[in-house]
Structures are given as structure tokens and as C-alpha cells.
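# Overview (structure and organization)
Residues per chain are reported as follows:
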Amino acid sequence: MNRIFHIVKILLLVCSTGLVAAHAAAAENDPVLSLTSAATAALTDAANAGSAAGSGQTSPAAAQWPGIPAVKYTPNADGSGEYTVTIQILAIMTVLSVLPSLLIMMTSFTRIVVVLAILRQAIGLQQTPSNQILLGLALFLSLFIMMPVFRVVNADAIQPYLAETISPQEAVERAIVPVHEFMLAQTRETDLNLFVRISGHDDIASPEETPIHILIPAFITSELKTAFQIGFLIFIPFLIIDLVVASILMAMGMMMLSPIIISLPFKIMLFVLIDGWAMIMGTLANSFGTV
């Protein structure tokens, strides 16, 4: 292994020496070649530093390159501690990777996208509006509904953390509080009691003391139940139109003609005449009580 390392070192030194000799004369008049020569010299110093490190010695070139601490824990006076910026950046990147799941599970996104999907099914349009349009509409409507919560998170957690007045752990604890209140306000008591009983936590005196890992599944269950209730109410008028059209076609003896084809334009016309999109958006936004 040491023989291979020395061979690589010799090759690097030979290549760097040849480059320096070839560009030495031209570098005096060409600034670009001057930069190239400087970079080649730095490469040579790095190779020498690696050789010294492999032999257990410390060269002057290696001493000029300060190391970056990968993990550094700094304890505080109150018993807590802080990690180095490298670990904090790694934690932030990890949170960004699970951000879509957090968006779906801890905001109003679930109820909105389920209701919009049921609406499209009730009208009878299989691909219109497309999934991209429904997801985009649900996303921006969720931002509109969650904006008061995001303002509190920004004021109480993000801005103090950016100003370096609170620790990362305290920032996370402050950010969870308004999100916890929002989810608790939308969660049914029966669903919350179900997951509290399943988890075996008997020390929870009030719903406000519910841990976040118990509140999230209870919140999702309540959101799905509410979305299906709204979807049932949306389905009724369109179902009546389908029944009326099917009865008329049967009375006329046109049993081979699909009622869906005939009723589709009437359902679209009804939805447009009652300003259905504004009604659905307003109902969804008002159902959360945050705007």
C-alpha cells in the first residue's frame, strides 16, 4: 500500500513539475497562465501534505490548511447543548427531504385535495381538471389557509433563530406550538381519544398536552372524515341529475345510450351557473376557521 502511495506521489510531482517548467516563461506575460501556475503549485503542496500525512509527519503546507470540525457539541449553562453548523445544515437538508410529507400530514392539504378529487368524480370528468391543476390548487389554497399559522411560526421561531437569540432546539419547540394548536382545533375528540388509548398514554390530562406523534394520525383521520362528508354533500345534486337523465332515457326507450354522456353537459352547466368553484373554495377555506 505504501509503495502504491509513493508511486502516485511521484507521478503527481512529475506532472506538476513538467507543467510548471512548460509555463514558466509564458506565465510572466499571460495572467491566465499565471493563475494556472499558481494552481499547479498549490496542487504540489497538497500532494506533499498528503505524503507527510501518510508517513505520520506534519508538513508546513499541511499546517496552512485549517480543518473543518465535522461534529462539535457545545454544552450550555442550562444543561442543553448546540451542535456545529455542519450538523445543523445536515438536519435542515433532512427536513427538506421530508417536507412533502409534512405538508400533506400537518396542514389543510389533505382535506382540500380529497374534496377536489371527489368533485371531479361527481361531475364525471375523469381527467379534467388534471392532477397537476388539482394539486397546484390545493397547494396554494393550503398556503392561504395556513398563512396565519405560518406568520406565528415566523415571528416566534424563525426570526429569533436567524437573529441568534434562541437555540435550534428552542426554535423547533416554538414552531411546533402554533401547528399543534391548528391540528388540535381540527381534530375530533373521538379520534384523539382513539389514538391516545392505542398509544397507552394515561398521563394526558387535557388535549393540549397531547404529544405531536399522537396528534398527527388523529388529525389525518379527522381530515379524511371531514373531506368525505363534504364530498357526500357535493355528490347529491349531480347524482340527482344522473337519475333524472337515466329515467328520461328509459322512458324514451333509449336504453342503449349511456346516461353519463347525456347528463355531463347538464352537470357542467349547473356547476357553472351556481358559481361552483367559488362556492367550493369558500366552503373549504371557511371550514378551517383560520382566515
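For the structure itself, look to the data block above.
Residues numbered from 1 in each chain as written. Predicted model: local features only at pLDDT ≥ 70, side-chain atom pairs only at ≥ 80, totals over all residues. Heavy atoms only, no water.

### Some thoughts on a nonpolar patch on the surface
A cluster of nonpolar residues, F232, L233, I236, I240, V244, I248, M252, M254 and L257, forms a patch on the protein surface that exposes about 830 Å² of accessible area. Among the secondary structure elements, L257 is positioned in the loop between α10 (212–251) and α11 (259–273). (Patch = residues over 30% accessible without salt bridge, like charges linked within 9 Å, V, L, I, M, F, W, Y side chains within 5 Å. Areas by Shrake-Rupley, 256 points an atom, 1.4 Å probe, with all protein chains shown as cover. Salt bridge = Lys/Arg side-chain N within 4 Å of Asp/Glu carboxyl O. Helix = DSSP H or I, 4+ residues; strand = E, 2+ residues; numbered from the N terminus.)

### Focus: α10
An ideal rise of 1.5 Å per residue puts 58 Å on 40 residues; α10 measures up with 58 Å between its terminal C-alpha atoms. Where α10 bends most, at I236, the angle is about 30°, and the proline P237 comes one to four residues later. One or two positions beyond α10, positive phi appears at G253, with a value near 80°. (Expected span 1.5 Å × (residues − 1). Bend = angle between axes of the 7 residues up to and from the residue.)

### Describing a negative patch on the surface
A cluster of acidic residues, E181, D202, D203, E208 and E209, forms a negative patch on the protein surface. With respect to the helices and strands, E209 occurs in the loop between α9 (189–199) and α10. A relative accessible area of 46% means that E209 is categorised as partly exposed. (Lys, Arg positive; Asp, Glu negative; His and termini not counted. Charge placed at Lys NZ, Arg CZ, Asp CG, Glu CD. Buried < 20%, exposed > 50% of the residue type's maximum accessible area, 1.4 Å probe, protein only.)

### Here's the deal with the nonpolar core
If you look at the biggest cluster of nonpolar residues, it comprises 38 residues, and the most contacted ones within it are I280 and L284. When contributions to this core are tallied by element, the ones reaching two or more residues are α6 (109–123), α7 (131–162), α8 (168–186), α9, α10 and α12 (276–288). (Core = buried A, V, L, I, M, F, W, Y, C linked by side-chain atoms within 4.5 Å.)

### Structural notes on the packing of α8 against α10
Running from N to C, α8 and α10 cross one another at 40°; their axes reach a closest spacing of 9 Å. Judged by the inter-axis angle, α8 sits oblique to α10. The element α8 and its partner α10 pack so that their crossing is left-handed. On α10, the residues that touch I176, H180, F182, M183, L184 and Q186 of α8 are I212, L215, I216, F219, S222 and E223. (Axes fitted to C-alpha atoms, helices over the stretch in contact; angles between N-to-C directions. Parallel < 35°, antiparallel > 145°, perpendicular 65-115°, else oblique. Left-handed = near helix turned anticlockwise from the far one by under 90°. Contact = heavy atoms within 4.5 Å.)

### Things to note about the pattern of salt bridges
Here the structure, examined in full by the defined rule, presents four salt bridges. As a salt-bridge pair, K225 and D191 come within 3.4 Å of each other at their nearest N and O atoms. Taken together, the residues span a long stretch of sequence, with K225 in helix α10 and D191 in helix α9 at a distance of 34 residues. We classify D191 as buried; its relative accessible area is 5%. The residue D242 makes a salt bridge to K267 at a minimum N-O spacing of 3.3 Å. Of this pair, D242 sits in helix α10 while K267 sits in helix α11, and the two are 25 residues apart along the sequence. Its relative accessible area of 22% is what places D242 among the partly exposed residues. The buried category is assigned to K267, whose relative accessible area is 2%.

Geometry only, nothing functional implied.
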